[in-house]
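# Chain and residue survey
Listed below, chain by chain, are the residues.
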Amino acid sequence: MASGAPRVFVSHLAGIAVFDPNGDQVGRVRDLVAMLRVGSRPPRLLGMVVEVVSRRRIFLPMTRITGVESGQVITTGVVNMRRFEQRPTERLVLGELLDRRVRLVETGEEVTVLDVSIAQLPARRDWEIDKVFVRKGKGGALRRRGETLTVEWSAVTGFSLEEHGQGAESLLATFEQLRPADLANALHHLTPKRRAEVAAALDDDRLADVLEELPDDDQVEILGKLKEERAADVLEAMDPDDAADLLSELPEEDKERLLMLMRPDDAADVRRLLAYEERTAGGLMTTEPIVLRPDATVADALARVRQQDLSPALAAQVYVCRPPDETPTGKYLGTVHFQRLLREPPFTLVSSVVESDLPPLSPGTPLPAVTSYLAAYNMIAAPVVDAGGSLLGAVTVDDVLDHLLPDDWRETEFHEPPPQTPGAVRGGETVRGH
């Protein structure tokens, strides 16, 4: 842990107010959600349980939290108001970890957990539990007489998952470090029962990434075994074009029911994509490229490109349009490539460096023509513009390749199942999404 990294003891967070960026109160913190891991590695903090005005308890991912200080929590983005439901791999920090009897690794002495601290990892949005505040002695009425001390998470035992008898949890620990494509390949080779167990235990963002890499049959099978509200959450976390491809494989009645459960804005993007033929620019595009107004600066553009959730293909260029800033936009003016942004002073307006000489693709452009366009102009993404001149989205090279390769390319020798070592400890899981 780097010095100066923010650290907060969770007892100080209980009951404090949560505010949105406008200063309006969203609710109050009632607990924190963590994922324990095999061995002595600190748990990753997934988010907070927040009680809103209606007394409903919702889940607030740590990725939506921009500040934990001065007796308040500041959140950004849209808050999902669905009721919080704890999953098998998750632990409530206040409700399940505090007042627990654990042992000091060095001496074997039994101690009582009074508090734990959370810290933000350097240069990242991730948080983890790093220290434990404990009291020696047997607890109960005499607990106040024991010595108290703060130790590293790894200095106590009795929290972490055992390496056996944990259902899908040990398997998840083995898969933690895999890329989505490799985890998808591993899931594909599991039995349907084990595949469903692992999928149910993955958080929404991780499961969304994995579904995007699975064959159509596996996608439909996994989605069909999820509760409908959970399935809608996962579809929201997927790229709109991948969610549209998956929904197109479902019966009309099931597709419409899931669309109705999704957030209106997410469902609207997917409905627009479903209106296009699959092997056209409109059917291939994503509706979430980086869109900037003409008066934005190069500094603004670089800040958008730095967003860690963007794929390399989408981060390679920005699209300059008149308002509105979300697709479908106002008039499309042109593209600015990442390399050009790096060569210009930060205060330069993007409208002064925009490239408008290349004609954009129309939504009805067939796949062979899209492929030729990307190859001819050495592009890894291309704008899709309607007859009225509005930007509808962008086609990226990875989506084009998915449709050019054979249907069974994910099962060829290129993608052998990754080696698995029972009880292996892996690192780097993603946070839960709701």
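Above: the structure in question.
Residues numbered from 1 in each chain as written. Predicted model: local features only at pLDDT ≥ 70, side-chain atom pairs only at ≥ 80, totals over all residues. Heavy atoms only, no water.

## Considerations on the overall build of the protein
We apply this condition: Strands are runs of DSSP state E lasting at least 2 residues, helices are runs of H or I lasting at least 4, and numbering of each runs from the N terminus. Accessible area is worked out with a 1.4 Å probe on protein chains only. A residue is then buried under 20% of its type maximum, exposed over 50%, and partly exposed in between. Contacts were defined at the residue level, with two residues in contact if any of their heavy atoms lie within 4.5 Å.
When you go through the protein residue by residue, the secondary structure sums to 15 helices and 18 strands. Every one of the 434 residues in the protein was classed for burial, and the buried ones make up 49%. Sequence-distant contacts, at least 24 apart, represent 60% of the contacts inside the protein between residues at least 6 apart.

## A short note on the pattern of salt bridges
Our working definition: Take a side-chain nitrogen of Lys or Arg and a carboxyl oxygen of Asp or Glu: if they are within 4 Å of each other, that pair is a salt bridge.
Taken as a whole and judged by the stated rule, the model has 22 salt bridges. For the salt bridge of Glu253 with Arg257, the shortest nitrogen-to-oxygen distance reads 3.6 Å. Pair noted here: Glu253 and Arg257 are both in helix 9 (residues 252-261), with a separation of 4 residues, about one helical turn. According to the relative accessible area criterion, Glu253 is exposed, its value standing at 61%.

## Thoughts on the packing of helix 8 (residues 240-247) against helix 10 (residues 264-274)
Put simply, the test is: Helix axes are fitted only over the stretch in contact, all axes being lines through C-alpha atoms; the angle between N-to-C directions runs from 0 to 180 degrees. Each helix crossing is assigned a hand: it is left-handed if the near helix lies turned anticlockwise from the far helix by less than a right angle, otherwise right-handed if that turn is clockwise. Basically, the charged four are Asp, Glu, Lys and Arg, the nonpolar ten are Ala, Val, Leu, Ile, Met, Phe, Trp, Tyr, Cys and Pro, and anything else, Gly included, counts as polar.
As a packed pair, helix 8 and helix 10 sit with axes 9 Å apart at the nearest point and diverge in direction by 65 degrees. The way helix 8 lies across helix 10 gives a crossing that is right-handed. When helix 8 is examined against helix 10, the residues Pro240, Asp241, Ala243, Ala244 and Leu247 are found in contact with a partner set consisting of Asp269, Val270, Leu273 and Leu274. Partitioned by chemical class, the residues of the contact of helix 8 with helix 10 number 7 nonpolar, no polar and 2 charged.

## Observations concerning the environment of Pro346
On the secondary structure map, Pro346 appears in the loop between helix 13 (338-343) and helix 14 (367-376). We classify Pro346 as exposed; its relative accessible area is 52%. Placed 45 residues apart in sequence, Pro346 and Ala301 show a C-alpha to C-alpha distance of 9.1 Å. With near-sequence residues (within four places) excluded, Pro346 lies in contact with Thr297, Val298 and Ala299.

## Some remarks on the pairing of strand 5 (residues 57-61)
Spelled out, the test is: Paired strands, as defined in this entry, are two strands with at least two bridges between them according to DSSP.
Of all 5 residues in strand 5, 4 are buried; the element is thus mostly enclosed. As paired strands, strand 4 (residues 44-52) and strand 5 are joined by 5 bridges and run antiparallel to one another. By the bridge assignment, Val50 is partnered in strand 5 with Ile58. Counting the residues in the hairpin turn of strand 4 and strand 5 gives 4 residues, including Arg55, whose phi is positive at 70 degrees.

## Let's talk about helix 5 (residues 204-211)
For clarity, the threshold we go by: Two N or O atoms count as a polar contact when they lie within 3.5 Å, although within protein this holds only if one can serve as hydrogen donor and the other as acceptor, and sequence-adjacent residues are included solely when both atoms are side-chain atoms.
Of all the 8 residues making up helix 5, 6 are buried; the element is thus mostly covered by neighbouring parts of the structure. Among the residues of helix 5, Asp204, Arg206, Leu207, Ala208, Val210 and Leu211 are the ones counted as buried. Its side-chain oxygen placed 3.2 Å from the backbone nitrogen of Asp205, Asp203 serves as the N-cap of helix 5.

## What about the pairing of strand 4?
Within a regular strand, the side chains alternate between the two sheet faces. Taking burial as the measure, the 9 residues of strand 4 include 9 buried ones, the bulk of the element. Relative to strand 11 (residues 127-136), strand 4 is paired through 2 bridges, and the arrangement is antiparallel. By the bridge assignment for strand 11, Arg44 is matched with Glu128.

## Description of the sheet that holds strand 16 (residues 332-337)
Across the sheet, 3 strands lie side by side as 14-15-16; this open sheet has mixed pairing. Of all the strands in the sheet, just strand 14 (291-292) and strand 16 have a single pairing partner and so form its edges. Here 2 bridges tie strand 14 to strand 15 (residues 317-321), and the two strands are oriented parallel to one another. Bridging from a neighbouring strand, Val291 pairs with Tyr319 of strand 15.

## Focus: unusual backbone geometry
In the segment running from Pro323 into Pro324, the intervening peptide bond is cis, with an omega of 10 degrees. With respect to the helices and strands, the residue Pro324 is situated in the loop between strand 15 and strand 16. Of note, the amide linkage connecting Thr327 to Pro328 takes the cis form, showing an omega dihedral of -10 degrees. Structurally, the position occupied by Pro328 is in the loop between strand 15 and strand 16. Here the phi dihedral of Asp99 falls at roughly 65 degrees; this positive angle occurs in a residue that is not glycine. Locating Asp99 in the fold gives a position in the loop between helix 1 (93-97) and strand 9 (101-104). Phi is positive for Asn378, close to 50 degrees, though the residue is something other than glycine.

## A word on the nonpolar core
Filter applied, for reference: For this analysis, a nonpolar core means a set of buried residues of the types Ala, Val, Leu, Ile, Met, Phe, Trp, Tyr and Cys, connected via side-chain atoms within 4.5 Å.
Counting residues in each nonpolar core, the largest one holds 46 residues, and the members touching the most others are Leu207, Leu211, Leu223, Leu235 and Val395. Of all hydrophobic cores here, the second largest spans 37 residues; its members include Val8, Leu13, Leu60 and Phe159.

## Focus on empty space enclosed by the protein
The following threshold applies: In this analysis a 1.4 Å probe is tested at points of a 1 Å grid over the protein atoms alone, and where it fits but cannot get out there is a cavity; an open set with protein on both sides within 12 Å along at least five of seven lines is a pocket; lining residues have an atom within 4 Å of a point. Grid points are joined across faces, edges and corners, and a volume is the space filled by probe spheres set on the points.
A complete count under the given rule lists 4 cavities of 30 Å³ or more for this structure. Lining the second largest cavity are Tyr332, Thr335, His337, Glu355, Asp357, Leu358, Tyr373, Met379 and Pro383. It is strand 16 that contributes the most residues to the lining of the second largest cavity, 3 residues altogether. Residues of the lining of the second largest cavity, tallied by class, amount to 5 nonpolar, 2 polar and 2 charged.

## Remarks on a nonpolar patch on the surface
Rule in force here: Patch criteria: residues need more than 30% relative accessible area and no salt bridge. Like-charged residues are merged within 9 Å; nonpolar side chains of Val, Leu, Ile, Met, Phe, Trp and Tyr are merged within 5 Å. The Shrake-Rupley method, run with a 1.4 Å probe sphere, supplies the accessible areas, and residue values consider only the shown protein chains as cover.
The grouping of Leu401, Leu404 and Leu405 at the surface amounts to a nonpolar patch, some 250 Å² of accessible area in total. Tracing the chain through its elements places Leu401 in helix 15 (residues 397-404). Look at Leu401 and you get partly exposed, because its relative accessible area is 43%.

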